[in-house]
Amino acid sequence: FPSHDRIIINIDWAKSRIWGNNARAEAVVDYKDGTRKRFESARTSGCGYDKESTAVGEALNQCPAFLKVLYAKMKKHQGKKNHEVLGYGSGYGILPYFEGGVGVSCFPRIMEKIGYTMEHISNGKTFDVYEIKKK
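Residues numbered from 1 in each chain as written. Predicted model: local features only at pLDDT ≥ 70, side-chain atom pairs only at ≥ 80, totals over all residues. Heavy atoms only, no water.

Draft legend 1. The arrangement of the packing of aromatic side chains in detail. Taken as a whole and assessed by the stated rule, the structure comprises three aromatic pairs. Relative to F98, the ring of F66 lies with its centre 5.7 Å away and its plane at 10°, an arrangement referred to as stacked. Of this pair, F66 sits in helix α2 (residues 64-75) while F98 sits in the loop between α3 (82-85) and α4 (107-113), placing them 32 residues apart in sequence. Summarising the burial analysis for this pair, F66 and F98 share the class buried. (Phe/Tyr/Trp six-rings, centres within 6.5 Å; stacked < 30°, edge-to-face > 60°. Helix = DSSP H or I, 4+ residues; strand = E, 2+ residues; numbered from the N terminus. Buried < 20%, exposed > 50% of the residue type's maximum accessible area, 1.4 Å probe, protein only.)

Below you can see the structure in the form of structure tokens.
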């Protein structure tokens, strides 16, 4: 993640007659060399879980350089569980990741633990936008 200036997460909401509003997230990574890369989630559907965090987590989990920051933090705390070091929503496997269905509100707390901020910077009827930056 040190090679990134910021990540913008665009969430697009589409209405389904059966499943209500369904999210799809796109993480747009701006690199310091001026290049840009996009990581997209699939469109969520169904009910009974947080669709926004599922889409955001899926998009963030595709960014290898960002995941390395999570891994590096856990390496410093060997023997501890992900949620003990990074907080709720950081996964229960060997390697940390952004869980889906947990609520987007837990992601800024995880970002805080690794030296980043995550802010909800815009929204409308069919979209939400988050920005992740180094502190």
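Draft legend 2. Highlighting the pairing of strand β4 (residues 116-123). Relative to strand β5 (residues 127-134), β4 runs antiparallel, the two being bridged by seven bridges. From the neighbouring strand, N123 faces β5, where its bridge partner is D128. (Pairing = 2+ DSSP bridges.)

Draft legend 3. Quick look at the nonpolar core. With 34 residues, the main nonpolar core has I9, V56, L60, F107, M111 and M118 as its most contacted residues. Within the residue set of this core, elements represented by two or more residues are β1 (4-16), β2 (20-31), α1 (51-60), α2, α4, β4 and β5. Filtering out sequence-adjacent residues up to four positions away, L60 remains in contact with I7, I9, F66, L67, F98, M111 and I132. (Core = buried A, V, L, I, M, F, W, Y, C linked by side-chain atoms within 4.5 Å. Contact = heavy atoms within 4.5 Å.)

Draft legend 4. Region of the structure containing the environment of V85. Topologically, V85 is positioned in helix α3. In this structure the C-alpha to C-alpha distance between V85 and M74, which are 11 residues apart in sequence, comes to 7.1 Å.

Draft legend 5. Here's a closer look at α2. For α2, spanning 12 residues, the distance from its first C-alpha to its last is 16 Å, which sits close to the expected 16 Å at 1.5 Å a residue. Among the residues making up α2, those that are buried are F66, L67, V69, L70 and M74. Buried residues of α2, seen end-on, are gathered within an arc of 145° and therefore sit on one face of the element. Exposed residues pointing more than 90 degrees away from the buried face of α2 are listed as K68 and K75. (Expected span 1.5 Å × (residues − 1). Arc of directions from axis to C-beta.)

Draft legend 6. View of the pairing of strand β3 (residues 36-40). Pairing between β2 and β3: five bridges, direction antiparallel. Paired with V29 across the strands is K37, a residue of β3. Connecting β2 to the next strand, β3, in antiparallel fashion are four residues, including G34 with a positive phi near 95°.

Draft legend 7. α1, seen in detail. Buried residues dominate α1, accounting for eight of its 10 residues. Taken together, the buried positions of α1 are K51, E52, S53, A55, V56, G57, A59 and L60. At the N-terminal end of α1, a side-chain oxygen is found 2.6 Å from the backbone nitrogen of S53, two or three residues along, and the residue is D50. (Polar contact = N/O pair within 3.5 Å; in protein donor to acceptor, adjacent residues only side chain to side chain.)

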